Amino acid sequence: MSHPLFHRGRRLRSSAQIRDMVRDTAPLLIEDLIMPYFVVETDDQSFRKEISTMPGQYQLSLGELEKQVEKAVDNGLKSVILFGIPAQKDEKASGAYAEDGIIQEAVRRLKHRWPELYVITDVCLCEYMSHGHCGILTPAGTVLNDPTLPLLAKTAVSHATAGADMVAPSDMMDGRVSAIRAALDEAGLVMTPIMSYAVKYASAFYGPFREAAESAPSCGDRKSYQMDPGNRREALIEALADVAEGADALIVKPAGPYLDILREVRDAVELPLCAYQVSGEYSMIRAAGLNGWINEEAVMLENLVAMKRAGARMLITYFSETLLEKRLVR
Ligand code: PBG
């Protein structure tokens, strides 16, 4: 009998066993997940407020954070990334690097209770600036680069001094990785890794986060420091610049709409790579799921597997708690 003139791709799809054997992207692992939390500086220790644009996500007081993390850790969570909402904001983001700032306190609490939990801090100034920009702002509305660097460095050092295991600068100022590395080393924190948001686009997908973190810029936008969504080669320039400055791992953000960029960076750089499935990506999946328009679990998994297929290892995702609770990762 002659061979058919087509490819029988279905042979290796015919049972769950063989599909599991030939799948080239490993299934999601508990170790891949990094869960973001929003911590509020408040005297009300029972403060817990659902973020209206991100159903299932909360602004939490320190006490409530501890409760929330306890449940997640019981379900297997191994890593968190923290965002702070200070009681007061000013023009120099004092709250970002205050010794008793909200993130510094949160880190101390979590590391005291769970020394093995890997605590990453987002290093940025926007949540702490009265104007909501990620750097020092001139009266004319320019975000100054070089004068912002010492503030970022101070923030990173204060997080690491409080016990953060890793710092993740998300501000997109030029030269911040080397400024932070130098300051950490100077402070004797030579073992604290920097995972830089090397490739961060000026994205509308951050919309829900800005409500969650109360960090929307009061004037203008972030296009003078975050990247233009139309640019691909620039992503490689940014990634390689952060490698040269001494970053230990890189983040591409947003993730879902930028899988091509994840792949390009994966192929060009040897450092561990992290995909950040941002707030807008979460909210869209959640909203459609809540409406019964999609199978939310299946879509969430497909989306995250796509990020791994594109080359990411670590995944910052607001679905981390759900994935663990529903035992969708192993
Ligand atoms: C701080 C920061 C932002 C996000 C992470 N760090 C917001 C922004 O740049 O406007 C976005 C995260 C998300 O949307 O989930 N600069």
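Keep in mind it's a predicted model, so treat the numbers as computed, not measured. Residues take numbers from 1 onward in each chain, read along the sequence in its written order. Owing to the predicted nature of the model, reporting of local features is limited to residues with pLDDT of at least 70; listing and counting of side-chain atom pairs is limited to 80 or more, with chain, interface and lining totals taken over all residues. Remark: hydrogens and water are excluded; side-chain values derive from all non-hydrogen atoms of the structure.

Quick look at a negative patch on the surface now. A residue counts toward a patch only above 30% relative accessible area and without a salt bridge, and it is joined to like-charged neighbours within 9 Å or, for Val, Leu, Ile, Met, Phe, Trp and Tyr, to nonpolar neighbours within 5 Å. What sets the accessible areas is the Shrake-Rupley method with a 1.4 Å probe; for residues, cover comes only from the shown protein chains. The working definition used for a salt bridge is a side-chain nitrogen of Lys or Arg within 4 Å of a carboxyl oxygen of Asp or Glu. Positive residues here are Lys and Arg, negative ones are Asp and Glu, while His and the chain termini are left out of the count. Here the site of a charge means atom NZ of a Lys, CZ of an Arg, CG of an Asp or CD of a Glu. Taken together, the side chains of Glu 41, Asp 43, Asp 44, Glu 99 and Asp 100 make up a negatively charged region of the molecular surface. Numbering of helices and strands starts at the N terminus; helices are DSSP runs of H or I of at least 4 residues and strands are runs of E of at least 2. With respect to the helices and strands, Glu 41 occurs in the loop between β1 (33–40) and β2 (48–50). The exposure class of Glu 41 is partly exposed, given its relative accessible area of 33%. To sort residues, take the accessible area from a 1.4 Å probe on protein chains only and compare it with the maximum for the residue type: under 20% means buried, over 50% means exposed, and anything in between is partly exposed.

A complete count under the given rule lists 19 salt bridges for this structure. The salt bridge involving Asp 242 is made with Arg 176; its shortest N-O contact spans 3.7 Å. Here Arg 176 lies in helix α6 (residues 176–186) and Asp 242 lies in helix α8 (residues 233–245), a separation of 66 residues in the sequence. Accessibility classification places Asp 242 together with Arg 176 in one group, the buried group. Among the ionic pairs, Glu 296 bridges to Arg 286, the shortest N-O distance being 2.7 Å. Here the residue Glu 296 occupies a position in helix α11 (residues 296–309), and Arg 286 occupies one in helix α10 (residues 279–290), the gap between them amounting to ten residues. Of the residues examined, Glu 296 reaches a relative accessible area of 16% and is grouped as buried. Given the relative accessible area of 19%, Arg 286 is considered buried. Through salt bridges that share partners, Glu 66, Glu 70, Arg 109 and Arg 113 make up one connected network.

Near the ligand, the surroundings consist of 18 residues, among which Lys 200, Arg 210, Lys 253, Ser 279 and Tyr 318 are the closest. N or O atoms closer than or at 3.5 Å make up a polar contact, with two conditions inside protein: a donor-capable atom paired with an acceptor-capable one, and, for residues adjacent in sequence, both atoms drawn from side chains. Side-chain polar atom of Lys 253 to a nitrogen atom of the ligand: 3.3 Å apart, as the coordinates give it. Relative to its unbound accessible area of 400 Å², the ligand is 100% covered by the protein chains. Asp, Glu, Lys and Arg are counted as charged, while Ala, Val, Leu, Ile, Met, Phe, Trp, Tyr, Cys and Pro are counted as nonpolar; the rest, among them Gly, fall into the polar class. Classifying every residue of the shell around the ligand by side-chain character gives ten nonpolar, three polar and five charged. Neighbouring residues are identified by heavy atoms, a residue being near a molecule or strand if any of them is within 4 Å of it.

We now examine the packing of α10 against α11. The axes are straight lines fitted to the C-alpha atoms, using for helices just the contacting stretch, and the angles between their N-to-C directions are given from 0 to 180°. Contact geometry for α10 and α11: axes closest at 9 Å, N-to-C directions at 155 degrees. By the angle between their directions, the pair α10 and α11 is classed as roughly antiparallel. Crossing geometry of α10 relative to α11 is assigned as right-handed. Where α10 abuts α11, its residues Glu 281, Ile 285, Arg 286, Gly 289 and Leu 290 lie against Glu 296, Val 299, Met 300, Asn 303 and Met 307. Each angle is binned into one of four classes, with values under 35 degrees roughly parallel, values over 145 roughly antiparallel, values of 65 to 115 roughly perpendicular, and all other values oblique. Handedness of a crossing is defined here by the sense of rotation of the near helix relative to the far one, left-handed for an anticlockwise turn of less than a right angle and right-handed for a clockwise turn. Throughout, a residue-residue contact means that at least one pair of heavy atoms, one from each residue, lies within 4.5 Å.

This part covers the nonpolar core. When a protein is soluble and globular, its nonpolar side chains tend to lie buried together. If you look at the biggest cluster of nonpolar residues, it comprises 106 residues, and the most contacted ones within it are Tyr 37, Leu 82 and Val 199. Each residue touching Val 199, except ones within four places of it in the same chain, is listed here: Met 227, Ala 235, Ala 239, Ile 251, Val 252, Lys 253, Ile 261 and Val 265. Residues grouped as a nonpolar core are buried Ala, Val, Leu, Ile, Met, Phe, Trp, Tyr and Cys residues, joined through side-chain atoms within 4.5 Å.

All right, on to the pairing of strand β4 (residues 79–85) then. Judged by how many residues are buried, β4 sits mostly within the fold: seven of seven residues are covered. Residues Ser 79, Ile 81, Phe 83 and Ile 85 of β4 are buried on one face, and the alternating residues Val 80, Leu 82 and Gly 84, pointing to the opposite face, are buried as well. Two strands pair under a simple rule: DSSP has to find at least two bridges between them. Here β1 pairs with β4 via six bridges, running parallel. Bridge pairing in β4 links Phe 38 to Phe 83. In the sheet, β4 pairs with strand β5 (residues 118–123) via four bridges, with the strands oriented parallel. Bridge pairing links Ile 81 to Ile 120 in β5.

What follows is about the packing of aromatic side chains. Any two aromatic rings considered together are summarised by their centre-to-centre distance and by the angle between their planes. Only rings of Phe, Tyr and Trp enter the pairing, Trp through its six-membered ring, and a pair is recorded when the two centres are within 6.5 Å. The plane angle decides the type: under 30 degrees is stacked, over 60 is edge-to-face, the rest tilted. Inspection of every chain in the model, using the stated rule, returns nine aromatic pairs. Site record: aromatic cluster; members linked through ring pairs are Phe 38, Phe 83, Tyr 197, Phe 209, Tyr 276, Tyr 282, Tyr 318 and Phe 319. Two conditions define a charge located above a ring, namely a distance within 6 Å from the ring centre to NZ of Lys or CZ of Arg, and an angle within 35 degrees of the ring normal. Over the face of the ring belonging to Tyr 58 we find Arg 48, whose NZ or CZ atom lies 4.9 Å from the ring centre. Of note, Lys 253 hangs over the ring of Tyr 276, and the distance from its end group to the ring centre comes to 4.9 Å.

Scope: geometric values only; no functional claims are made or implied.
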